Amino acid sequence: MINQVGGESASAFPIAANLGEPAGPRISFAMRLTHSGHPRLLSDGPAITTGSLEVALFITCFNDTLFPATGKAVVQLLERLGHRVEFPLEQTCCGQMHGNNGYAVEATTLMRRFVRVFADAERIVTPSGSCAAMVREHYPRLAEGVADPGLRREVADLGGRTFELSEFLVDVLGTVDVGAVFPHRVTFHPTCHSLRLLRVGDRPVRLLQAVRDIDLVELPQAEECCGFGGTFAVKNADTSTAMLSDKIQHVRETGAEVVVAADNSCLMQIGGALARQRAGVRTMHLAEVLASR
Amino acid sequence: MKGFPEQARVELQNPQLRRNLGVATSAIQAKRERAVAELDDWERLREAGAAIKTRALADLPRQLERLEAAVVAAGGIVHWARDAAEACAHVTRIARDHQVDEVLKVKSMATDEIGLNDALGAAGVEAIETDLAELIVQLAGDTPSHILVPAIHRNREEIRRLFARTIASGESLTSEPADLAAAARRHLRARFLRARMAVSGANFGVAETGTVVVVESEGNGRMCVTLPDVLVTVMGIEKVLPDWRDLEVMLQLLPRSSTAERMNPYTSLWTGVREKDGPREFHLILLDNGRTDTLADEVGRQALRCIRCSACLNVCPVYTRTGGHAYDSVYPGPIGAILTPQLRGLRAAPTLPWASSLCGACYDVCPVKIDIPSVLIHLRGRVARERARTDPESAAMRLIGRVFADRRRYERAQRLLRLGRGPLGRGAATVPGPLRAWTTSREQPHIPAQNFREWWLAR
C-alpha cells in the first residue's frame, strides 16, 4: 500500500481568532472520554455536599518536596470554600515510581503504608492526576499480587475515598465557580493519567472557564503526552525531548503566558524546557490558579 | 546490542523521517477516529473482539487441532513449526519439491518474523514481495518500519528516485501515486503470471471450517493466492478463531482500526483446495516461535490477542517520533514493545518495555483491548527481578523504597536534597546520570527553601 496521506493537520490554530477579542473563556475541549466510574460516585449518585467537610490532603512526595506552593493553594482553596483540611504527617510516597518501573515489592510496601496512614480519612484529595491514578487504578492490581484478601478490600475502599482535586471540586462539592480571579492568558494541558486513567474529562476546563478575567485558549494536540513519563524522561531523554519540543511548540502557538495542568510532574517537564528556552511562559498548577483572587 | 534509547537517538536526528511519519500518522489517526465514530456499538465490538480472542487462546490446543482437521478434510496439508528455523525449512523444502526458483510473497508479518526471505535466498529461491510498500522496502534493501505501512518512513519523492533506479529505469516517472503504482504494476504483472508458488501470512484461520483469511487493500495478495499452483500460508498459532461467525466482529474491527476504512477492498478466504479453481496444493504452517511461552504469562498473554491493525503505532507519541527502526524488532510501536520481548525473550529486548511514557493512548485505540501500559509495567517487573542486586538502578530503587517507607528517613532526605540548591546541585548535573539526562534539554526544578510539611507545621 502506498503512503499517500494528505498533509492536513487536525488542530485549529487559536491565536489569530483570539487577537483583539475581549478576554474571556473560549475554550471548547472535545473531551470524548467519559469518567471511568469512580466507585463512590457510581454507587451513591451525585454526592454533592453543602455542609463543611473534613478533607485529608494527600500532597504527594513530589509536591511536598518540590512544589509546596501547590499544597498551600489546595489548603487555601478548600478552606475558602468552607472545609477543614487535615494533613496526615506520616504520609510519604504512594509508590508510583516503584510500581511503574516494575519494583512491585517496594511499591506494595508503600501501598500498605499508604492504606494505614489514610485509614481513618473519610475523603482524600490530591493535586495530582497520576498519584490519584496510582491509588485508584494501580493499587487494586498490586493488591491482587498479595495473598491478603483484607488488603484487597482495604484498597478497594481506599479507592472510593480518593479524589483528584478537580473531581473533588466538581463532583463532591458540586461547584465549578470557586471564586477565583486570574487576569492572564492561559492554556491547559490535560495530562495523560488524568485523561486516560482517571477520565476526569472536562472537569479542570470547566473550573478554569469559571475563573474571572481569565483568557483561556485551547492547546493544539492537547491530549498528546508531554514526554515526561517518570523515568522515561531520563531513560529515554532524547525521545522525551522530541515529544516535549512539539508540546512546547503547541504551547507557544497559543500565545499563552501561563501553561496550567493538574500534575506538577508534567509541568516540571514543560516548565523545564520553557525556562531553558527563556520562552517567557510560566507553568502553574490548576490549584494555584483556582486559589488566586 | 544497542538498546531503544540509543537507536531512537539516531532516528530522531532524521528530519525527513520525522516529517514523513508526522504527516502520515496524524492523517491515519484522524481518519481512524472518524471511521470508529460512525459506529454506535464500537465499544461493544471491542469487548466482543477481546472476548473472542481470549476464548480462542484459552482453548488453543483444541482449536488448533480443529483447524488442522478441517484444513486436511478440505484437501490441505498442515505442518507444525516450533520456531523460525523449522518454519523456514518447511517452506524451503516445499519450494525445492516443486523445483521453483522464485516465490511470490503476500504481505505478511509472520514471514518477516521468521526471516523467510533470507532463508529462501540462501536456498537459491528468490522471494518477490508483491505488496507495494513491501516491494519498496525490498528494493531499497531496507526493513519495514510500520506494521501496516512498511514504507511509512519514505515519501513519494524518495520512492520515485528508488523506482527510477530499479524497476523503472529508463522510464519517465513522476512522484504521483498513480504513476508510482503503475510502475510497480508493470514490474509485478509478469511475475504474477509466471510464478508457480506463493507464500502468504494469515489474518485469521477459522477452526470450524478450515478457512484462511487474508485482508488487504491492493489486490496483489489476491493474485498470489489464486494464480500459482502451490500456496503456502505461514500462520502464527494465535491467529486461530474458533468459529466462522467470529469473523463478523473481526472484519469490522480490523479495517476501521488499521486503514480507517469501513471495509477493506480485498478479503480473500480459502478453504483447502478445489478442482480447477485456484492453487492445486495448499500448505498451512502453524508457527509457535515463542507464542506458547507468551501464553504461559498470565498478564503478558493478552498481547497474543493482537490483530496487527497498527492503530497503537499511529497514536503513540514515541513511535510517531522515532519510527519503527528504533525498536529493532519486526513488530514496532507499543505492541512491539510488549510482543517482541515476549516472543524473543526479555534478554533479547530488555529496553523495549521502557520505550513508552505510559500515556495510555495505545490502550484506548486497541480494537481487542490489550492493556498495553499494564503489560509494559508487568514486563518491566520481569526485567527488574532479573537484575543483580548490585545493579545501580536496582540498588537505588531499594534505597529510595527504604527512605519512603519511614517518615523520619523521608524528611531527612528532603533536607539533604536542599544541598542541591547550592554548587553541589550544579556539580551533580555534570556527571552522567539521571540529572544530566534531565538537564540536557530542561532546567532543573527549583528546590524551595521550605517544603510543604514544614509550612504546614509552622502555620
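Residues numbered from 1 in each chain as written. Chains lettered and ligands numbered in written order. Predicted model: local features only at pLDDT ≥ 70, side-chain atom pairs only at ≥ 80, totals over all residues.

Undergrad: Give me the overall build of chain B: which residues, what numbers.
TA: Within chain B, the regular secondary structure consists of 23 helices and 10 strands. For chain B, the C-alpha radius of gyration of 25 Å lies close to 23 Å, the compact-globule estimate for 459 residues. Considering only C-alpha atoms, chain B reaches an extent of 90 × 55 × 45 Å along its principal axes. When the 459 residues of chain B are sorted by exposure, 49% land in the buried category. For chain B, the share of sequence-separated contacts (at least 6 apart) that also reach a separation of at least 24 residues comes to 74%. (Helix = DSSP H or I, 4+ residues; strand = E, 2+ residues; numbered from the N terminus. Rg over C-alpha atoms; globule rule 2.2 N^0.38 Å. Buried ≥ 20, exposed ≤ 12 C-beta atoms within 10 Å, placed from the backbone. Contact = placed C-beta atoms within 7 Å.)

Undergrad: Explain the sheet that holds strand β9 (residues 266-271) of chain B to me, and be specific about the residues and the numbers.
TA: Residue and element names in this part refer to chain B. Taken in spatial order, the 4 strands of this open sheet run β8-β5-β6-β9, and their pairing is mixed. Edge strands, defined here as strands with exactly one partner in the open sheet, are β8 (240-241) and β9. Sheet topology note: the strand β5 (residues 204-206)/strand β6 (residues 211-216) ladder contains 3 bridges and is antiparallel. Bridging across to β6, Gly 205 finds its partner in Val 212. (Pairing = 2+ DSSP bridges.)

Undergrad: Can you tell me about the interface of chain B and chain A, naming the residues and giving the values?
TA: Across the boundary between the two partners, chain B contributes 65 residues, which contact 60 residues of chain A. Here the side of chain B that touches chain A gets 6 residues from one element, more than from any other, and that element is helix α2 (residues 15-37) of chain B. Residues that form the side of chain B that touches chain A fall into these classes: 41 nonpolar, 13 polar and 11 charged. (Nonpolar A, V, L, I, M, F, W, Y, C, P; charged D, E, K, R; others polar.)

Undergrad: Outline the confidence of the model for chain A, supporting the account with residue identities and numerical values.
TA: Residues and elements named next belong to chain A. Here chain A shows a mean pLDDT of 88. Residues at 70 or above account for 83%. In this model residues 1-37 is a low-confidence stretch, pLDDT under 50, and it forms 64 contacts with partners more than four residues away in sequence or in other chains. The model gives residues 39-46 a pLDDT under 50, and that stretch makes 7 contacts with residues more than four places away or in other chains. (pLDDT = per-residue confidence, 0-100.)

Undergrad: An account of the nonpolar core is requested, with residue identities and associated values reported.
TA: Counting 216 residues, the largest nonpolar core has Leu 208 of chain A together with Val 91, Ala 198, Ile 285, Leu 287, Cys 312 and Ile 372 of chain B as its most contacted members. Counting residues per element, this core draws most heavily on helix α7 (residues 129-144) of chain A, which supplies 8 residues. (Core = buried A, V, L, I, M, F, W, Y, C linked by C-beta atoms within 7 Å.)

Undergrad: Give me the lowdown on the pairing of strand β10 (residues 281-287) of chain B, citing residues and values where you can.
TA: Residue and element names in this part refer to chain B. Across the 7 residues that make up β10, a large majority, 6, are buried. The pairing of strand β1 (residues 77-81) with β10 spans 5 bridges and is parallel. When the sheet's bridge partners are listed, Ile 77 is paired in β10 with His 283. Alignment of strand β7 (residues 230-236) against β10, held across 7 bridges, turns out to be parallel. Counted as the bridge partner of Thr 233 is Leu 284 from β10.

Undergrad: Outline helix α3 (residues 42-58) of chain B, listing residues and values.
TA: Residues and elements named next belong to chain B. A rise of 1.5 Å per residue sets the reference length of α3, with its 17 residues, at 24 Å; its end C-alpha atoms lie 24 Å apart and thus fit the reference within 8%. By the burial criterion, the buried members of α3 are Gly 49, Ala 50, Ile 52, Lys 53 and Ala 56. Seen end-on, α3 carries its buried residues on one side only, within an arc spanning 160 degrees. Exposed residues pointing more than 90 degrees away from the buried face of α3 are listed as Glu 43, Arg 44 and Ala 58. (Expected span 1.5 Å × (residues − 1). Arc of directions from axis to C-beta.)

Undergrad: Could you give an account of the packing of α7 of chain A against helix α8 (residues 149-161) of chain A, with specific residues and numbers?
TA: Residues and elements named next belong to chain A. Put simply, α7 and α8 touch, their axes get as near as 9 Å, and they point 175 degrees apart. What the angle tells us is that α7 and α8 run roughly antiparallel. When α7 is examined against α8, the residues Val 135, Arg 136, Tyr 139, Pro 140, Ala 143 and Glu 144 are found in contact with a partner set consisting of Leu 151, Arg 152, Val 155, Ala 156, Leu 158 and Gly 159. In terms of residue class, the contact of α7 with α8 is made up of 8 nonpolar, 1 polar and 3 charged. (Axes fitted to C-alpha atoms, helices over the stretch in contact; angles between N-to-C directions. Parallel < 35°, antiparallel > 145°, perpendicular 65-115°, else oblique.)

Undergrad: Let's hear about unusual backbone geometry: which residues, and what values?
TA: All names here are of chain B. The phi dihedral of Gln 99 is positive, around 50 degrees, even though this residue is not glycine. Positionally, Gln 99 belongs in the loop between α5 (84-97) and β2 (102-105). Classification of Gln 99 as exposed rests on a count of 8 C-beta atoms within 10 Å. A positive phi angle, close to 60 degrees, is found at Leu 358, a residue other than glycine. Tracing the chain through its elements places Leu 358 in the loop between α16 (333-343) and α17 (361-365). With 25 C-beta atoms packed within 10 Å, Leu 358 lands in the buried category.

Undergrad: Summarise the domain arrangement of chain A; cite the residues concerned and give the values.
TA: Accessible area lost upon the coming together of the parts is a frequently used measure of interface size. Residue and element names in this part refer to chain A. Under the domain assignment, chain A is made up of domain 1 (39-172) and domain 2 (176-291). The C-alpha centroid of domain 2 is placed 22 Å from the C-alpha centroid of domain 1. With 27 residues of domain 1 at the interface, the matching set in domain 2 holds 24 residues. Among the secondary structure elements, those contributing two or more residues to the side of domain 1 that touches domain 2 are α3 (61-66), α4 (68-80), α5 (96-100), α7 and α9 (165-172). Taken together, the residues of the side of domain 1 that touches domain 2 break down into 14 nonpolar, 9 polar and 4 charged. (Domains from an automatic or database assignment.)

Undergrad: Can you lay out the pairing of strand β4 (residues 197-200) of chain B for me, pointing to particular residues and giving the numbers?
TA: Residue and element names in this part refer to chain B. Here β4 shows no split at all, with Met 197 and Val 199 on one side and Ala 198 and Ser 200 on the other all buried. Alignment of β4 against β7, held across 4 bridges, turns out to be parallel. For Met 197, the partnering residue across the bridge sits in β7 and is Val 230.

Undergrad: Talk me through the environment of Ser 268 of chain B; I want residue IDs and the actual numbers.
TA: Residue and element names in this part refer to chain B. You can see Ser 268 is positioned in strand β9. Linking Ser 268 and Thr 130, residues 138 residues apart in sequence, is a C-alpha distance of 15 Å. The contact partners of Ser 268, leaving out residues within four places of it in the chain, are Val 214, Gly 221, Arg 222 and Val 225.

Undergrad: Account for the sheet that holds strand β6 (residues 215-217) of chain A, naming residues and giving values.
TA: Sheets are built from strands that pair by backbone hydrogen bonding, the pairs being arranged parallel or antiparallel. Residues and elements named next belong to chain A. Pairing in this open sheet of 4 strands is parallel, and the strands run β6-β5-β7-β8 from one edge to the other. The sheet is open, and its two edges are formed by β6 and β8 (282-285), each paired on a single side. Taken over all neighbouring pairs, the strand axes of this sheet differ in orientation by 35 degrees on average, direction set aside. Alignment of strand β5 (residues 185-188) against β6, held across 3 bridges, turns out to be parallel. Bridge pairing in β6 places Arg 185 opposite Asp 215.

Undergrad: For α16 of chain B, give the residues involved together with the corresponding values.
TA: Residue and element names in this part refer to chain B. With 11 of 11 residues buried, α16 lies mostly within the body of the structure. Buried residues of α16: Gly 333, Pro 334, Ile 335, Gly 336, Ala 337, Ile 338, Leu 339, Thr 340, Pro 341, Gln 342 and Leu 343, and no others. In this structure, the buried residues of α16 make contact with α13 (291-295), α14 (311-315), α15 (319-322), α17 and α18 (372-386). Phi turns positive one or two residues past the end of α16, at Gly 345, with a value near 100 degrees.

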